[in-house]
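# Observations on the three-dimensional arrangement
Chain by chain, the residues run as shown.
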Amino acid sequence: MVSLIEINEERGGRRRSSRGSNYSSTNGTGAGAQTTTTSRSGSNGSEKMRKLLLGIGFWVQGLRCLPWLGVNFFLKDGLRVDPATSQILQNSATLPMVAKPLYGIISDSYYIFGQRRTPYIAIGAILQSISWLAIAFLSRTSISFFMVTFLLLLGNFGASIVEVANDAIVAETSKQPASSKNSKPSSSGKLQSFVWMASAIGGVAGNLLGGVAIEHFSPQVIFWMFGIILTIQFLITAFIHESFLNLPKTSSSLGIKNQLSELLAALRKPEIFCSIGWFAATYAIVPSLIGTMFYYQTEHLKIESSVLGISKVVGQAAMLLWGVIYEKYLKLAPPRKVISSIQVTLAVFMLSDILFVKGVYRAMGFPDSLYVVVFSGVLEVLFFMKILPFSVLMAQLCPAGCEGSVMAFLMSSIALALIVSGYFGVALASYFSVTGNDFSGLPVALLIQAACTVLPLHWSYFVPDAVKSKTNAKEN
């Protein structure tokens, strides 16, 4: 009897302990599920906050075409500047963009109020606001050519700081691992496509508004409007703390020397340095004739400013469409093939410009204004469409910890290449005696431009076709 009672008690104890373990297991699972749910909601909140900050930032970045459209007419009609001087001024005004690696290293190294991205965005926004509002409030009689140059340099200095911080956030977020097994990592290009489309929407709004505003208001009014928008961006950014963005944590500030050494170490990698060098060369060796074409269209063909505004809207709409197409169909395509295809398309459009200048389309009954709206608008943005696939590639190649520095180096290389391209274009136009009144040498200059565009394709092998992820490398 005793043995039976002991056995029953032992069995009962086992059942009780089993129930207790089941209860604790269920409790643990519930707590884990609750933690996962909280984590997911926090992640979703951070993602929304990031998209808000980046959406506004890149939208304003795209909207910068609004005041720069006013600058074109302000220099031509207000200060009576010739085409060569206007192009030299506008290219020289982008010199602060060349120093982007320095801004990237500083933002990676020095924290402001415990933050290293959002304060720099706020600082850049307020510098731009000061620049454009200063130009807006100065009358045509009191403002000098050198004062305009200084204020444009200040505005681009602020814009470059904002772009460095925004690009660093995109690059850092793209390096984050997926939150679950079924979710895809952000490095697939979703965030890049999002900010690309935000910038394109800003460009559409800016050019559409600019084309209408330039007909009814002075350029100073346009500068004032953009200055107010930048002030609003500053206020929004100032109230967003970086902790809400859930950016990758860094142990401590590495300092400028360490950041510089990390940047140099990253640039020693052939796949990064050669790719950036080739990509910058695709801009530098192509002479820019955008300023010359602007004077040709407005002075020689007497194209109205509203038509130019619509042309730029069409171009920005093409940029927006390109972002959608790339996200849906081309984000997994080899970047080298995508960039090379865009380069060939550029050359074809330049050859079409030769027929346009020679009056071939006009003789066929195709209006000049229609060509400017469709072809000129798309050609102007084709130069920048290849940045999207290349930035996705660089985000994948960029080592962790110096995303801001590497992406800033990329953008500064492009900025320097565009400056060289602009000076090259001025020299080419001057060599063929293209002035504000004589455009007889423009077709030959356009032919040389098209030839220079296809020249870099011979060295396109510097750009890798694909990037092998670390997870795939481990599996192999």
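All values derive from a computational prediction rather than experimental measurement. (Residues numbered from 1 in each chain as written. Predicted model: local features only at pLDDT ≥ 70, side-chain atom pairs only at ≥ 80, totals over all residues. Heavy atoms only, no water.)

### Quick look at the overall build of the protein
Test applied: Helix and strand labels come from DSSP, where a helix needs a run of H or I of at least four residues and a strand needs a run of E of at least two; each type is numbered from the N terminus. Partly exposed residues are those whose accessible area sits between 20% and 50% of the maximum for their type, while under 20% is buried and over 50% is exposed, using a 1.4 Å probe and protein chains only. We call two residues contacting when some pair of their heavy atoms lies within 4.5 Å. Computed with a 1.4 Å probe, the accessible areas rest on the Shrake-Rupley method; for each residue, only the protein chains presented here act as cover.
Assigned secondary structure in the protein consists of 19 helices and 0 strands. Out of the 476 residues in the protein, the part that is buried amounts to 50%. Taking contacts inside the protein between residues at least 6 apart in sequence as the whole, the part at least 24 apart equals 86%. Here the protein has roughly 22600 Å² of accessible surface; of this, 66% comes from carbon and sulfur atoms.

### A word on empty space enclosed by the protein
Rules: A 1.4 Å probe that fits into a set of points on a 1 Å grid over the protein atoms alone but cannot get out defines a cavity; an open set with protein on both sides within 12 Å along at least five of seven lines defines a pocket, and lining residues are those with an atom within 4 Å of a point. Grid points are joined across faces, edges and corners, and a volume is the space filled by probe spheres set on the points.
A complete count under the given rule lists 3 cavities of 30 Å³ or more for this structure. If you trace the second largest cavity, you find it lined by Gly 57, Val 60, Gln 61, Arg 64, Gln 128, Ala 159, Val 162, Glu 163 and Gln 233.

### Overview of the pattern of salt bridges
Pairing is possible between side chains of opposite charge, provided their charged atoms come close. Test applied: We define a salt bridge as a contact between a side-chain nitrogen of Lys or Arg and a carboxyl oxygen of Asp or Glu at a distance within 4 Å.
Tallying each qualifying case throughout the model produces 6 salt bridges. Here Glu 299 makes a salt bridge to Lys 76, at a shortest N to O gap of 3.1 Å. Of the two residues, Glu 299 sits in helix H11 (residues 290-300) while Lys 76 sits in helix H2 (residues 65-78), which places them 223 residues apart along the sequence. For the salt bridge of Lys 312 with Glu 380, the shortest nitrogen-to-oxygen distance reads 2.8 Å. Residue Lys 312 is found in helix H12 (residues 305-330), and its partner Glu 380 is found in helix H15 (residues 368-385); the two are separated by 68 residues along the sequence. By sharing partners, the salt bridges in this structure join Arg 64, Lys 100 and Glu 163 into a single network.

### Comments concerning the nonpolar core
The cut-off we apply is this: Joining through side-chain atoms within 4.5 Å is the link that ties buried Ala, Val, Leu, Ile, Met, Phe, Trp, Tyr and Cys residues into a set, and such a set is a nonpolar core.
With 48 residues, the main nonpolar core has Phe 279, Trp 322, Met 385, Phe 390, Met 394 and Leu 410 as its most contacted residues. Among the secondary structure elements, those contributing two or more residues to this core are helix H7 (190-216), helix H9 (256-267), helix H10 (270-284), H12, helix H13 (335-357), H15, helix H16 (387-397) and helix H17 (403-431). Residue contacts for Met 385: discarding those within four places in its chain leaves Trp 196, Ala 318, Met 319, Trp 322 and Ile 342. Counting residues in hydrophobic clusters, the runner-up holds 29 residues, among them Ala 213, Tyr 295, Val 373 and Phe 439.

### Section: unusual backbone geometry
Phi is positive for Arg 80, which is not a glycine, with a value near 55°. In this structure, Arg 80 sits in the loop between H2 and helix H3 (83-92). A relative accessible area of 68% means that Arg 80 is categorised as exposed. Here Lys 302, not a glycine, exhibits a phi torsion of approximately 60°, which is positive. Within the secondary structure, Lys 302 sits in the loop between H11 and H12. Judged by relative accessible area, which is 58%, Lys 302 ranks as exposed.

### Side note on helix H18 (residues 442-454)
What counts, and what does not: In this scheme, a helix's expected span is set at 1.5 Å multiplied by one less than its residue total.
Helix length check: H18 (13 residues) gives 19 Å between terminal C-alpha atoms against 18 Å at 1.5 Å per residue, within 8%. Within H18, the full set of buried residues consists of Leu 442, Pro 443, Ala 445, Leu 446, Gln 449, Ala 450, Cys 452 and Thr 453.

### Re the confidence of the model for the protein
This is how it is decided: Confidence of the predictor at the level of single residues is given by pLDDT, which spans 0 to 100.
Of all residues in the protein, 82% attain a pLDDT of 70 or more, and the chain-wide mean is 81. Mean pLDDT across the secondary structure elements of the protein bottoms out at helix H19 (residues 470-475), with 42, and peaks at H18, with 96. In this model residues 14-31 is a low-confidence stretch, pLDDT under 50, and it forms 1 contact with partners more than four residues away in sequence or in other chains.

### Description of the packing of aromatic side chains
Any pair of aromatic rings gets described here by the distance separating the centres and the angle formed by the planes. Spelled out, the test is: Aromatic rings from Phe, Tyr and Trp, with only the six-membered ring used for Trp, were paired whenever their centres fell within 6.5 Å, and each pair was classed as stacked if the ring planes differed by under 30 degrees, edge-to-face if by over 60, and tilted otherwise. In this analysis the charged atom, NZ for Lys or CZ for Arg, is taken to sit over a ring once it is within 6 Å of the ring centre and within 35 degrees of the ring normal.
If you walk through the whole model with that rule in mind, you get 21 aromatic pairs. Taking the centre distance of 5.3 Å and the plane angle of 40° together, the rings of Trp 132 and Phe 223 count as tilted. Highlighted residues: Trp 132 in helix H5 (residues 118-137) and Phe 223 in helix H8 (residues 219-238), separated in sequence by 91 residues. For Phe 223, a relative accessible area of 1% translates into the label buried. In textbook terms, an aromatic cluster arises when at least three aromatic residues are bridged by ring pairs, as seen for Tyr 296, Phe 349, Phe 356, Tyr 361, Phe 366, Tyr 371, Phe 375 and Phe 439. In this arrangement the basic side chain of Lys 386 is found over the ring face of Phe 279, its NZ or CZ atom lying 5.8 Å from the centre. Over the ring of Tyr 283 we find Lys 386; its NZ or CZ atom is 4.3 Å from the centre of that ring.

### Quick notes on the environment of Tyr 283
Note that Tyr 283 resides in helix H10. Owing to a relative accessible area of 2%, Tyr 283 belongs among the buried residues under this scheme. Placed 137 residues apart in sequence, Tyr 283 and Val 420 show a C-alpha to C-alpha distance of 8.3 Å. When neighbours within four sequence positions are excluded, Tyr 283 is seen to be in contact with Phe 383, Phe 384, Lys 386, Ile 387, Ile 414, Ala 417, Leu 418 and Ser 421.

### Brief notes about the side chain of Asn 72
The test is simple: Two N or O atoms form a polar contact when they lie within 3.5 Å of each other; inside protein one atom must be a possible hydrogen donor and the other a possible acceptor, and for residues adjacent in sequence the pair counts only when both atoms belong to side chains.
By the element assignment, Asn 72 lies in helix H2. Here Gln 90 takes part through its side chain, which lies 2.7 Å from a polar atom of the side chain of Asn 72. Those residues in contact with Asn 72 that sit more than four places away from it in its chain are Gln 90 and Phe 294.

### Thoughts on a nonpolar patch on the surface
Note the threshold: Every patch collects residues that have over 30% relative accessible area and no salt bridge, joining them within 9 Å if they carry like charges and within 5 Å if they are nonpolar side chains (Val, Leu, Ile, Met, Phe, Trp, Tyr).
Side chains of Phe 137, Trp 224, Ile 228, Ile 232 and Ile 236 sit close together on the surface and give an oily, nonpolar patch of about 490 Å² of accessible area. Ranked by residues supplied to the nonpolar patch, first place goes to H8 with 4 residues. By secondary structure assignment, the location of Trp 224 is in helix H8. We classify Trp 224 as partly exposed; its relative accessible area is 40%.

### Structural notes on the packing of H12 against H15
What counts, and what does not: Lines fitted to C-alpha atoms define the axes, with helix axes restricted to the stretch in contact, and inter-axis angles between N-to-C directions lie between 0 and 180 degrees. To sort the angles, those under 35 degrees are grouped as roughly parallel, those over 145 as roughly antiparallel, those from 65 to 115 as roughly perpendicular, and the leftovers as oblique. The hand of a helix crossing depends on one turn: near helix anticlockwise from the far one by less than a right angle means left-handed, and clockwise means right-handed. Gly falls in the polar group here, along with every residue not listed as nonpolar (Ala, Val, Leu, Ile, Met, Phe, Trp, Tyr, Cys, Pro) or charged (Asp, Glu, Lys, Arg).
The N-to-C vectors of H12 and H15 enclose an angle of 45°; their axes lie 7 Å apart at closest approach. Between H12 and H15, the interaxial angle falls into the category oblique. As H12 runs across H15, the sense of the crossing is right-handed. Between H12 and H15, the contacting residues are Val 307, Leu 308, Ile 310, Ser 311, Lys 312, Val 314, Gly 315, Gln 316, Ala 318, Met 319 and Trp 322 on the first element and Ser 369, Val 372, Val 373, Val 374, Ser 376, Gly 377, Val 378, Glu 380, Val 381, Phe 384 and Met 385 on the second. Looking at the contact of H12 with H15 residue by residue, the class counts come to 14 nonpolar, 6 polar and 2 charged.

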